[in-house]
Amino acid sequence: MTNTSTLEMRYQIQAIIESHLTKSRRNDTPLSIAKIMLKFDPKEGNKFQQLLTFMYDFLDYAPFVGIGNGQYFFLMEDTKIHTAVIALKNMLVSANITYNGQILGVGVTTVEKSEKLEETFARVTQLCESSAKTQPREVHYATSNFSYSDKDAPNGLRSIFVKEPRISVYGFYKEAPMIQNGEIVEYNDHEFILKLSKEYLGFLKREAFVYLENALVPDIMQSNIIKIDMEKSYLYLGEIKFMDDSPVHRKNIRVTPHRPIKATLTHSDDFLASTIVANISENAILLTTQLPKIEELLAKDLRNKKFDLHFFIENDDKSKEEIYLNAMIFKITGNQIVLNIYPDSQTQTIIRDYILKCQKLLLLEAQGIRV
């Protein structure tokens, strides 16, 4: 390859990555970047291609670009670093079963708004190189402020919480996460104190522990509840544990509509079905319909076709937002259809607000308040 070709490739790669970064910042969605180093033997080209195909599929078709010498950047859109780490760990375990020894290093970090892209690439490259020195191979991950691999990780939280005291607290009711944003008001070696709303503290009275998420910490944390001070709106928590996995790692938070939602599913003039929305997330929806409609859909072999979905979402003032979505079938079970949906930014905001509304209503229900 000539110097001109190498330079051209570098600009192409930079353009692709910067486009994804711009999209992430414009939509205010998380973007994680993984760097993966692979062993490449020209004599085993087919096996190498199969490994890349496997990784691409396993990481939910995350776009990737190669920079030569077996080095690849995977751009994990709309993915928090906590979720990216779990996906990469599972991918590494699965890949080692069939492609043992072919993955030489895995590093992952998050793109931060205040950081230059060069700094992000330097960090993820360093993480990948440090991963390559481990045996068996481990996924190394960090943000600009914190690395779980630090031996003094728990003590390092103090400076993090001073810099970013805002924190998300997760409890669960009917398998749905009850999320509340709070603020850390004090942290020492034995406990730390969060300020939360009284309504949420009332819900937590029946919980033994909570999950925590901070923008500057690359792992979900878990902590036992020591006591609750309703008068001050304080939650006292004990020692922090870092979680390899948790219910919080689910990429999409699904909720059941608080009132029934009727939806119409169509495919041009070939198919029309009246359905009920069983649950909804920002990227997927579960519909229930009559079995004859499922049989008709299968008979017409429409599983891989694009559908139109139409329904209304109720606002707090009882007005309704009309929703039109493009959708594709993910799976069918009995009389239920799981669809991947593709909302534009405005519709995604409407759905996100509706999910938050449903969570608030579930919180009231969990407190024994009729809604």
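Residues numbered from 1 in each chain as written. Predicted model: local features only at pLDDT ≥ 70, side-chain atom pairs only at ≥ 80, totals over all residues. Heavy atoms only, no water.

Caption draft 1: Layout of the overall build of the protein chain. If you tally the helices and strands in the protein chain, you get eight helices and 17 strands. Its C-alpha atoms give the protein chain a radius of gyration of 23 Å, within 12% of the compact-globule value 21 Å for 371 residues. Reported as C-alpha extents along the three principal axes, the dimensions of the protein chain are approximately 65 × 65 × 35 Å. Across the 371 residues in the protein chain, those meeting the buried criterion constitute 46%. Across the protein chain, contacts joining residues at least 24 apart in sequence account for 61% of those joining residues at least 6 apart. Carbon and sulfur atoms provide 49% of the accessible area of the protein chain, an area that totals close to 20200 Å². (Helix = DSSP H or I, 4+ residues; strand = E, 2+ residues; numbered from the N terminus. Rg over C-alpha atoms; globule rule 2.2 N^0.38 Å. Buried < 20%, exposed > 50% of the residue type's maximum accessible area, 1.4 Å probe, protein only. Contact = heavy atoms within 4.5 Å. Areas by Shrake-Rupley, 256 points an atom, 1.4 Å probe, with all protein chains shown as cover.)

Caption draft 2: Up close: the sheet that holds strand E17 (residues 336-341). With antiparallel pairing, six strands are arranged side by side around a closed barrel as E12-E13-E14-E17-E16-E15. For this sheet, the mean angle separating the axes of adjacent strands, direction not counted, is 45°. The sheet contact formed by strand E16 (residues 320-333) and E17 spans six bridges and is antiparallel. Each residue of the ladder has a partner; that of Lys331, found in E17, is Val338. (Pairing = 2+ DSSP bridges. Axes fitted to C-alpha atoms, helices over the stretch in contact; angles between N-to-C directions.)

Caption draft 3: Local environment of the packing of helix H2 (residues 45-58) against helix H3 (residues 81-98). The geometry of H2 relative to H3 is characterised by a closest axis approach of 10 Å and an angle of 150° between their N-to-C directions. The orientation of H2 with respect to H3, classified from their angle, is roughly antiparallel. Crossing angle aside, the handedness with which H2 passes H3 is right-handed. Residue-level inspection shows Lys47, Leu51, Phe54, Met55 and Phe58 of H2 in contact with H3, the latter providing Ala87, Asn90, Met91, Ser94, Ala95 and Thr98. Taken together, the residues of the contact of H2 with H3 break down into seven nonpolar, three polar and one charged. (Parallel < 35°, antiparallel > 145°, perpendicular 65-115°, else oblique. Left-handed = near helix turned anticlockwise from the far one by under 90°. Nonpolar A, V, L, I, M, F, W, Y, C, P; charged D, E, K, R; others polar.)

Caption draft 4: Geometry of the sheet that holds strand E5 (residues 139-142). What the five strands build is an open sheet, ordered E2-E3-E1-E4-E5; its pairing is mixed. Edge strands, defined here as strands with exactly one partner in the open sheet, are strand E2 (64-68) and E5. Geometrically, the sheet is characterised by an average inter-axis angle of 20° between neighbouring strands, direction not taken into account. Contacting strand E1 (31-38), E2, strand E3 (71-77) and strand E4 (103-110), H2 crosses the sheet at an angle of about 160° to E1.

Caption draft 5: Local environment of the nonpolar core. Core analysis: the biggest nonpolar cluster contains 30 residues, and Ile285, Leu309, Phe311 and Leu339 have the highest contact counts within it. Mapped onto this core, the elements with two or more residues apiece are strand E12 (262-267), strand E13 (271-280), strand E14 (284-288), helix H7 (291-299), strand E15 (306-314), E16, E17 and helix H8 (345-366). Here Phe311 is in contact with Ile261, Lys262, Ala263, Ile280, Ile285, Glu321, Glu322, Ile323 and Leu325, once residues within four sequence places are set aside. In this structure, Phe192, Leu194, Met221 and Leu237 belong to the second largest nonpolar core, which totals 27 residues. (Core = buried A, V, L, I, M, F, W, Y, C linked by side-chain atoms within 4.5 Å.)

Caption draft 6: Geometry of the side chain of Glu164. Following the sequence through the fold, Glu164 ends up in the loop between helix H5 (153-163) and strand E6 (166-173). Leave out the neighbours within four places in its chain, and Glu164 touches Asn214 and Leu216.

Caption draft 7: Local environment of the pairing of E15. The pairing of E12 with E15 spans four bridges and is antiparallel. Among the inter-strand pairings, Ala263 is bridged to a residue of E15, identified as Phe311. As paired strands, E15 and E16 are joined by nine bridges and run antiparallel to one another. Across the sheet, the residue bridging to Lys306 is Met328, located in E16.

Caption draft 8: Structural detail: the pairing of E14. For E14, a buried count of four out of five residues is recorded, marking the element as mostly surrounded by other parts of the structure. The sheet contact formed by E13 and E14 spans four bridges and is antiparallel. Counterpart to Ile276 in the pairing with E14 is Thr288. Connecting the antiparallel pair E13 and E14 is a turn made up of three residues. Pairing analysis gives five bridges linking E14 to E17, with the strands arranged antiparallel. Looking at the pairing, Leu287 lines up with Ile337 of E17.

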